[in-house]
Amino acid sequence: MAKNKSGNGAERSNKKSMGFATKAIHVGQEPDPSTGAVTVPIFATSTYVQEELGKHKGYEYARVSNPTRTRLEQNLAALEGGSSAHVFASGMAATVAVTQCFLKQGDHLICGHNVYGGVPRLFNQVIAKYGVEFSYVDTSDLDAVKKAMRWNTRLVWIETPTNPLMVLSDIKEIAAIAHSKNAELVVDNTFMSPYFQQPLALGADMVMHSTTKFLNGHSDGLGGVIVATKPMHAERLAFMQKAAGAILSPFECWLVLRGVKSLAVRMEKHDENGRAVADFLRKHKKVKKVMYPGFTDHPQYALAKRQMSGFGSMITFETGSLRNAKKMLAKVRVCSLGESLGGVETLISHPATMTHAALGEQGRKEIGLTDGMVRISVGIEDTEDILADLDQALVAI
Ligand SMILES: Cc1ncc(COP(=O)(O)O)c(C=O)c1O
């Protein structure tokens, strides 16, 4: 299974004929050739014995490569339809790697103005120190993206749907705009997972995930991945894994390998429960507004149908005030108040004080993120239990 001998899983000859769920369970997840173990072993080793100088089985040192990691990278490349995948210690570590690999002093990056709050924090407070310039743009507005492009723009970074406002950006059109100026498009596909959205097939150059979320699916490990499309990407990202070392541990790779086996069935149930919760919230008299791309009157419903094959389970709703949000969140019992998403359990959070606190009051105001907004990542529990829990919590407002 050495990466340099068998190549990336995306290149496996039978990959194209497999359905998504089959790929999730089988690509990179083949039985262990030395023992027949059905699950990929956790190779807990820091180094590998070499037969003689320069003669080894494709693995030399675990920061550079590890067989459990290779298997996960094969799997994720196949699921996103990329030519390689590179896993890192967290979604943010993967984001740092993109900036290190593809930006240098004097370069410019266009970032969606409403992405995960940690991304602008990283760009403004860390990467900007190295002389990289950033512009924040409403990427749902294609003219705004066009206008923001500069001679030195190298990357466009979008998240669609956005976190937490559930606004979509047109991947195909933005890829065309970026390419017309020799820039590349990176899509954070964390919210949808490759099950519901395939940005590379729409023209994006790279896909990023916090594997912490739906790919792992069980809220038990951090991780991040960049799925790439060009040999140049693979070369630089693999080099950065070796040079900077922010790689994913074999155990956490294994957790993601285990998690993705059920990605297809989980996403179906997330979607089913998401629809039920969105409808319930919309009819609830204590809820002022619901942001969910599956509503036929969502302003971008047509785009959602075009570029996504499901609506997922991320929903944001307006309770009217910080006081209301606080009261409601103190009452939930089935839903867990916590700062993440994409787990089997329903996770509920308060963007203004949690995920988007780093934006500051003014920053949140500029994108329309209010103190009364609550974000829910609907899990895969019994639908009625989630609805009953939300109902009893909303009554407290
Ligand atoms: C959409 C999105 N992208 C990236 C990240 C960062 O990932 P991580 O927490 O794994 O570093 C998050 C974290 O919440 C996220 O929600």
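See above for the structure.
Residues numbered from 1 in each chain as written. Predicted model: local features only at pLDDT ≥ 70, side-chain atom pairs only at ≥ 80, totals over all residues. Heavy atoms only, no water.

**Q** Residue-level account of the packing of aromatic side chains, with values.
**A** On inspection of all chains with the given rule, the structure shows 9 aromatic pairs. Where Y48 meets Y59, the ring centres are 5.4 Å apart and the plane angle is 40°; that geometry is what we call tilted. Of the two residues, Y48 is situated in the loop between helix 2 (20–26) and helix 3 (67–80) and Y59 in the loop between helix 2 and helix 3; the sequence distance between them amounts to 11 residues. Assessed through its relative accessible area of 16%, Y48 is described here as buried. One residue, R282, lies across the ring of F295, its end atom 3.9 Å from the ring centre. (Phe/Tyr/Trp six-rings, centres within 6.5 Å; stacked < 30°, edge-to-face > 60°. Helix = DSSP H or I, 4+ residues; strand = E, 2+ residues; numbered from the N terminus. Buried < 20%, exposed > 50% of the residue type's maximum accessible area, 1.4 Å probe, protein only. Lys NZ or Arg CZ within 6 Å of the ring centre and 35° of its normal.)

**Q** Outline the pattern of salt bridges, listing residues and values.
**A** Across all of its chains, the model carries 14 salt bridges by this definition. Note that E30 is salt-bridged to R71, the shortest N-O span being 3.7 Å. Residue E30 is found in the loop between helix 2 and helix 3, and its partner R71 is found in helix 3; the two are separated by 41 residues along the sequence. Grouping residues by exposure puts E30 and R71 together as buried. Of the charged contacts, one joins E133 and R150 as a salt bridge, the two residues approaching to 2.5 Å between their closest N and O atoms. You can see E133 sitting in strand 3 (residues 133–137) and its partner R150 sitting in the loop between helix 6 (142–148) and strand 4 (153–159), a full 17 residues away along the chain. Three or more residues are tied together by salt bridges with common partners; here these are K104, D107 and R154. (Salt bridge = Lys/Arg side-chain N within 4 Å of Asp/Glu carboxyl O.)

**Q** Describe the site of the ligand, with residues and values.
**A** Close contacts around the ligand come from 14 residues, with G91, M92, D188, S210 and T212 the closest. Measuring from an oxygen atom of the ligand, one finds a side-chain N or O atom of S210 at 2.8 Å. A distance of 3.0 Å separates an oxygen atom of the ligand from a polar side-chain atom of K213. In isolation the ligand has 390 Å² of accessible area, and contact with the protein removes 94% of it. Elements represented by at least two residues in the shell around the ligand include exactly helix 4 (91–102) and strand 6 (206–210). Taken together, the residues of the shell around the ligand break down into 4 nonpolar, 7 polar and 3 charged. (Near = heavy atom within 4 Å. Polar contact = N/O pair within 3.5 Å; in protein donor to acceptor, adjacent residues only side chain to side chain. Areas by Shrake-Rupley, 256 points an atom, 1.4 Å probe, with all protein chains shown as cover. Nonpolar A, V, L, I, M, F, W, Y, C, P; charged D, E, K, R; others polar.)

**Q** Kindly report on the sheet that holds strand 2 (residues 108–112), identifying the contributing residues and their values.
**A** In spatial order, the strands read 1-7-6-5-4-2-3; together these 7 strands make up an open sheet with mixed pairing. The open sheet terminates on both sides in strands that have one partner only, identified here as strand 1 (84–88) and strand 3. Here the strands of the sheet are splayed against their neighbours by 20° on average, with no regard to which way each runs. For strand 2 and strand 3, the ladder comprises 5 bridges, and the chain directions are parallel. Looking at the pairing, C111 lines up with Y136 of strand 3. Set on the sheet, helix 3 makes contact with strand 1, strand 6 and strand 7 (224–228); between it and strand 1 the angle comes to about 125°. (Pairing = 2+ DSSP bridges. Axes fitted to C-alpha atoms, helices over the stretch in contact; angles between N-to-C directions. Contact = heavy atoms within 4.5 Å.)

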